[in-house]
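Structure assessment
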Amino acid sequence: MLIRRNKGWEIPERDATPEAIYKDRRQFLKGIAAGSIGASAAALPLGSALAQGTSPTADLYPATRNPAYTVDREITEKAKAVTYNNYYEFGSHKSISSAAQALKLRPWTIKIDGLVEKPIEIDFDELVHKMPLEERVYRFRCVEAWAMTVPWTGFPMKALVDFAKPLSGAKYVEMETATQKDTMPGLRQFWYPWPYIEGLSMAEATNELTLIATGLYGEEIPKQNGAPLRLVTPWKYGFKNIKSIVRFTFTDKRPVSFWEQLNKDEYGFWANVNPKVPHPRWSQASERLLNSGETVPTQIYNGYGDYVADIYKGMDDEKLFM
Ligand SMILES: Nc1nc2c(c(=O)[nH]1)N[C@H]1C(S)=C(S)[C@@H](COP(=O)(O)O)O[C@H]1N2
Ligand SMILES: [Mo]
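Since the structure is predicted, the reported quantities are computational estimates derived from the model, not experimental observations.

Moving on to empty space enclosed by the protein. Tallying each qualifying case throughout the model produces one cavity of 30 Å³ or more. Taken as a whole, the largest cavity holds about 50 Å³ of empty space. In this structure, the largest cavity is lined by Val143, Tyr237, Glu266, Val277, Pro278, His279, Pro280, Gln284, Phe321 and Met322. The residue inventory of the lining of the largest cavity, partitioned by class, reads seven nonpolar, two polar and one charged.

Given below as structure tokens:
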């Protein structure tokens with residue numbers, strides 16, 4: 001059960017993008033369009049708010065927060081969530097945030113194929129403008145027993161499934177991360193089964209919680225967190241949340257994910273959070289909060305059982321929790 005202490009809109013000041021800055025950015029973009037600003041966008045210092053404002057999708061953020069998804073935890077400081085990452089394409093450690101800045105975001109073509117009415121390729125900028133964006137605060141639980149709480153911006157994956165028009169034989173969606181040989185040094189680690197693959201059943205992909213995130217903390221999602229689009233399934237271990245997606249394939253065969261290929265005894269397909277089912281090498285009973293360093297008890301389905309437990313009824317023979 002989700003217990004609310006704060007109202008959904010009562011977020012600490014530092015987590016909100018001040019409206020004034022947001023409006024300024026729009027004014028600035030209008031200025032560029034009208035040719036009233038002398039300096040060319042390219043001459044702006046990299047990483048400044050103005051330079052970020054030149055992205056063709058920056059004006060989509062912040063999106064309105066959906067107050068239905070509230071949490072009983074403090075929102076993780078942005079600085080922590082964007083510097084403590086898992087993104088093995090950029091290195092097999094947590095400090096990949098600067099290396100990930102090399103990721104090339106445009107053009108970004110997304111393939112939708114397999115068991116669909118008509119396979120298509122669509123540009124990210126076009127897709128994101130068709131999708132209903134909203135902000136949701138979710139808990140996030142890595143299989144390594146650390147946790148964070150962050151405001152994602154994104155669209156329900158169900159909207160993408162409806163757009164894709166899968167055939168009735170489709171039982172799973174397989175997703176794939178980009179492989180940019182020139183920007184991702186991790187790809188040279190040939191013992192990993194690149195590309196990074198993940199999958200969901202159709203019931204999981206169309207569950208109301210399942211989000212395709214394109215933003216974080218009221219801005220475009222940082223590269224290290226999986227720009228330009230990544231999966232968010234808050235009741236599952238973090239490794240299911242595949243980053244920088246370039247392909248959605250609808251299939252009747254259960255996908256074998258990256259971590260499952262590497263070690264199926266430690267990382268399974270379902271990977272639902274359960275404090276009572278230990279990882280073969282450590283307990284899952286509690287988790288360390290990235291924000292405070294505090295250790296707190298882990299909840300079944302990461303506290304989202306009301307939304308998802310029904311999906312798994314009658315599946316007792318499956319390894320649902322690893
Ligand atoms: N392509 C890709 N996606 C990935 C990973 C990865 O290494 N490569 N790591 C996963 C793991 S283990 C976690 S915990 C989350 C981390 O997301 P974050 O860096 O936004 O916290 O991304 C997941 N998605
Ligand atoms: Mo993870």
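For the rest of this paragraph, the subject is the site of ligand 1. Surveying the vicinity of ligand 1 reveals 18 residues, the closest of which are Asn85, Tyr88, Glu89, Thr177 and Lys243. Asn86 places a polar main-chain atom, nitrogen or oxygen, 3.3 Å from a nitrogen atom of ligand 1. Between ligand 1 and Asn241 there is a distance of 2.9 Å, counted from a nitrogen atom to a backbone nitrogen or oxygen. Protein coverage of the free-state accessible area of ligand 1, which is 530 Å², stands at 99%. A molecule is said to occupy a pocket when more than half its atoms come within 2 Å of that pocket's grid points, and by this definition ligand 1 occupies the second largest pocket. Taken together, the residues of the shell around ligand 1 sort by class into nine nonpolar, six polar and three charged.

With that settled, consider the packing of aromatic side chains. With the rule as written, the count across this model stands at 24 aromatic pairs. Look at Trp194 and Phe258: their rings are 5.0 Å apart centre to centre, the planes differ by 35 degrees, and that puts the pair in the tilted class. Remark: Phe258 occurs in helix H7 (residues 258–262) and Trp194 occurs in the loop between strand S5 (172–177) and strand S6 (197–201); sequence separation between them is 64 residues. Ring centres of Tyr196 and Phe258 lie 4.7 Å apart, and the angle between their planes is 25 degrees; on these two criteria the pair is classed as stacked. One end of the pair, Tyr196, is in the loop between S5 and S6; the other, Phe258, is in helix H7, with 62 residues separating them in the sequence. The same class applies to Tyr196 and to Phe258, which are both buried. Site record: aromatic cluster; members linked through ring pairs are Tyr88, Phe190, Trp191, Tyr192, Trp194, Tyr196, Phe239, Phe258, Trp259 and Tyr267. Against the face of Tyr304 rests Arg139, its NZ or CZ located 4.7 Å from the ring centre.

With that out of the way, let us pick up the confidence of the model for the protein. Put simply, the protein has an average pLDDT of 88, and 84% of its residues get 70 or more. Throughout residues 1–50 the model reports pLDDT below 50, and contacts reaching past four residues in sequence, or to other chains, amount to 47 contacts.

We now examine the side chain of Thr249. Structurally, the position occupied by Thr249 is in strand S10 (residues 245–251). We classify Thr249 as buried; its relative accessible area is 13%. Each residue touching Thr249, except ones within four places of it in the same chain, is listed here: Asp113, Gly114, Tyr172, Val173 and Glu174.

On to helix H5 (residues 157–164), then. Since the α-helix advances by 3.6 residues per turn, residues separated by three or four positions end up pointing in the same direction. Burial in H5 covers these residues: Met157, Ala159, Leu160, Val161 and Ala164. Positive backbone phi, approximately 50 degrees, marks Lys165, located one or two places after H5.

Read from one edge to the other, the open sheet built from five strands follows the order S2-S1-S10-S5-S6, with strand pairing classed as mixed. Pairing within the sheet leaves two strands with one partner each, and these edge strands are strand S2 (120–123) and S6. Going from strand to strand, the sheet's axes swing by 20 degrees on average, the running direction of each strand aside. Summarising the sheet, S5 and S6 pair through five bridges and their orientation is antiparallel. Bridging across to S6, Met175 finds its partner in Glu198. Along the sheet face, H5 touches strand S1 (109–114), S2, S5, S6 and S10 and points at about 65 degrees away from the line of S10.

Moving on, we come to the pattern of salt bridges. Scanning all chains against the criterion turns up 21 salt bridges. For Glu287, the salt bridge identified is with Arg73, shortest N-O distance 3.0 Å. Of this pair, Glu287 sits in strand S11 (residues 286–289) while Arg73 sits in the loop between helix H2 (49–52) and helix H3 (78–81), and the two are 214 residues apart along the sequence. Measuring nitrogen to oxygen at the nearest pair gives 2.4 Å for the salt bridge that ties Arg136 to Glu134. Given a relative accessible area of 17%, Glu134 falls into the buried group.

Rules used in this analysis
- Residues numbered from 1 in each chain as written.
- Chains lettered and ligands numbered in written order.
- Predicted model: local features only at pLDDT ≥ 70, side-chain atom pairs only at ≥ 80, totals over all residues.
- Heavy atoms only, no water.
- 1 Å grid on protein atoms, 1.4 Å probe; cavity = no way out; pocket = protein on both sides within 12 Å on 5 of 7 lines; lining within 4 Å.
- Points joined across faces, edges and corners; volume = space filled by probe spheres on them.
- Nonpolar A, V, L, I, M, F, W, Y, C, P; charged D, E, K, R; others polar.
- Near = heavy atom within 4 Å.
- Polar contact = N/O pair within 3.5 Å; in protein donor to acceptor, adjacent residues only side chain to side chain.
- Areas by Shrake-Rupley, 256 points an atom, 1.4 Å probe, with all protein chains shown as cover.
- Sits in = over half its atoms within 2 Å of the grid points.
- Phe/Tyr/Trp six-rings, centres within 6.5 Å; stacked < 30°, edge-to-face > 60°.
- Helix = DSSP H or I, 4+ residues; strand = E, 2+ residues; numbered from the N terminus.
- Buried < 20%, exposed > 50% of the residue type's maximum accessible area, 1.4 Å probe, protein only.
- Lys NZ or Arg CZ within 6 Å of the ring centre and 35° of its normal.
- pLDDT = per-residue confidence, 0-100.
- Contact = heavy atoms within 4.5 Å.
- Pairing = 2+ DSSP bridges.
- Axes fitted to C-alpha atoms, helices over the stretch in contact; angles between N-to-C directions.
- Salt bridge = Lys/Arg side-chain N within 4 Å of Asp/Glu carboxyl O.

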